[in-house]
Amino acid sequence: MPVDPYILLLLGTVGLAALLPARGAGADVASGASTAAIAFLFFLYGARLSPREAMDGLRHWRLHVTVLACTFVVFPLLGLASRGLVPVFLTDPLYQGLLFLTLVPSTIQSSIAFTSIARGNVPAAICAGSFSSLVGIVATPLLAAALLGGDGGGFSADSLVEIVLQLLVPFVAGQVLRRWIGGFVTRHKKVLGLVDRGSILLVVYTAFSEGMVEGVWHQVSPVRLAGLLAVEAVLLAVMLLLTWYGAKALRFDRADRVAIQFAGSKKSLAAGLPMASVLFGAQASLAVLPLMLFHQMQLMVCAVIAKRRSHDAQTDPDVGPAVPVRATAGTGGR
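Below, the structure is looked at part by part. This structure is a prediction, so every number in the text was calculated from the model and none was measured.

## Re the packing of helix H10 (residues 222-249) against helix H11 (residues 254-264)
A packed helix pair is summarised by two numbers, namely the angle formed by the two axes and the spacing between the axes. Contact geometry of H10 with H11 gives a least axis separation of 9 Å together with a crossing angle of 150°. As far as their axial angle goes, H11 and H10 are roughly antiparallel. The two elements H10 and H11 cross, and the hand of that crossing is right-handed. Along its contact with H10, which presents Met239, Leu240, Thr243, Trp244, Ala247 and Lys248, the element H11 presents Arg257, Val258, Ile260, Gln261 and Gly264. The residue makeup of the contact of H10 with H11, split by class, is six nonpolar, three polar and two charged.

## Quick word on the packing of helix H6 (residues 109-117) against H11
Across the interface, H6 lies against H11 with an axial gap of 9 Å and an inter-helix angle of 150°. Taken together, the axes of H6 and H11 are roughly antiparallel relative to one another. Every pair of crossing elements has a handedness; the one defined by H6 and H11 is right-handed. Each of Ser111, Phe114 and Thr115 in H6 lies in contact with H11, whose residues at this interface are Val258, Ala259, Phe262 and Ala263. Tallied by class, residues from the contact of H6 with H11 come to five nonpolar, two polar and no charged.

## So, unusual backbone geometry
Here the bond from valine 86 into proline 87 is cis, since omega is 5°, no more than 30 degrees from zero. One can find proline 87 in the loop between helix H4 (61-81) and helix H5 (92-101). One non-glycine residue, arginine 119, lies in the positive phi region at around 60°. Relative to the helices and strands, arginine 119 resides in the loop between H6 and helix H7 (122-148). Within the chain, arginine 251 stands out as a residue other than glycine whose phi angle is a positive 70°. For arginine 251, the position within the fold is in the loop between H10 and H11. The class for arginine 251 is exposed, based on a relative accessible area of 76%.

## Remarks on the packing of aromatic side chains
Going through the model one piece at a time under the given rule, you end up with three aromatic pairs. Considering the side-chain rings of phenylalanine 40 and phenylalanine 43, the 6.3 Å spacing of their centres and the 20° angle between planes classify their relative orientation as stacked. With a gap of three residues between them, phenylalanine 40 and phenylalanine 43 both fall in helix H2 (residues 24-48), about one helical turn apart. For phenylalanine 43, a relative accessible area of 19% translates into the label buried. Ring geometry for phenylalanine 75 against phenylalanine 294: centres 6.2 Å apart, planes inclined by 80°, an arrangement best described as edge-to-face. Pair noted here: phenylalanine 75 is in helix H4 and phenylalanine 294 is in helix H13 (residues 284-313), with a separation of 219 residues, a long-range link. Each member of the pair phenylalanine 75 and phenylalanine 294 is classed as buried. Sitting over the face of the ring of tryptophan 244, arginine 257 holds its NZ or CZ atom 4.8 Å from the ring centroid. Looking at arginine 309, its charged tip hangs above the ring of tryptophan 244, at a distance of 3.7 Å from the centre.

The rules we used
- Residues numbered from 1 in each chain as written.
- Predicted model: local features only at pLDDT ≥ 70, side-chain atom pairs only at ≥ 80, totals over all residues.
- Heavy atoms only, no water.
- Axes fitted to C-alpha atoms, helices over the stretch in contact; angles between N-to-C directions.
- Helix = DSSP H or I, 4+ residues; strand = E, 2+ residues; numbered from the N terminus.
- Parallel < 35°, antiparallel > 145°, perpendicular 65-115°, else oblique.
- Left-handed = near helix turned anticlockwise from the far one by under 90°.
- Contact = heavy atoms within 4.5 Å.
- Nonpolar A, V, L, I, M, F, W, Y, C, P; charged D, E, K, R; others polar.
- Buried < 20%, exposed > 50% of the residue type's maximum accessible area, 1.4 Å probe, protein only.
- Phe/Tyr/Trp six-rings, centres within 6.5 Å; stacked < 30°, edge-to-face > 60°.
- Lys NZ or Arg CZ within 6 Å of the ring centre and 35° of its normal.

Structure, rendered in structure tokens:
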């Protein structure tokens, strides 16, 4: 099963933060650079999303509502239910990170890729992932404030204002300027994709450096990590089953069910990391650990499912040819 090379870079960044964490003036510089990188990251997201594609996607509103319900309703409900696993399987900080994981939006790039491999509705996957990311800019911090406000320690009106200024305002600016810079973004999507990845690595380094300085990693043991992996495996399995058979019960055709399964069962590392750094502060390293582990798990499992669905589709005369997907700038966690 595949191991995302970007995960190896993320793990290397975590190791660097453990060995050489930013301290003092260096921490201030890293924090400022991380803030600027996050803002630029969401500016690029806004510049990439075509309003015309978004409007075209609205015609398939039932599918998008289903994906949004899975992402921002079913996932959080399962996250809240996992509270009963504390303290047997999870500590309070790991539970907070797991609950935060259930609140972040769906992926874009990997959902599209797996939908294409499985010969599903690729245009629907594109729109569903884009809508989820757009809604998540507002919905994720609001849900986090409502569900984690009493435990996370970093949620307040100031945090929500910071989210708006750091994420939503740059995104809107990118949308406004897309008319003039859209062509440039398209022509240089590979280079800007490296900027995406570099920005996220900087966010990870800053968050884990602060966590090392604060000593939060002493709260995690190998046994707790094993418990977290087991809980996340069950969470992913439940969502994969619910999205597939739930979409069948709602009378979606096979192509739409494929798009719903891959867009509705996944979580975005690229969107979740910047939000966690704003909302959790020094606790961000523990908060994003469940998300990083879930990200790799979903890639490995969904790759196997996509190949199986592709094999099944070859024997189905009603399934059309696979839709090729061009590489887009960004990360696999989008």
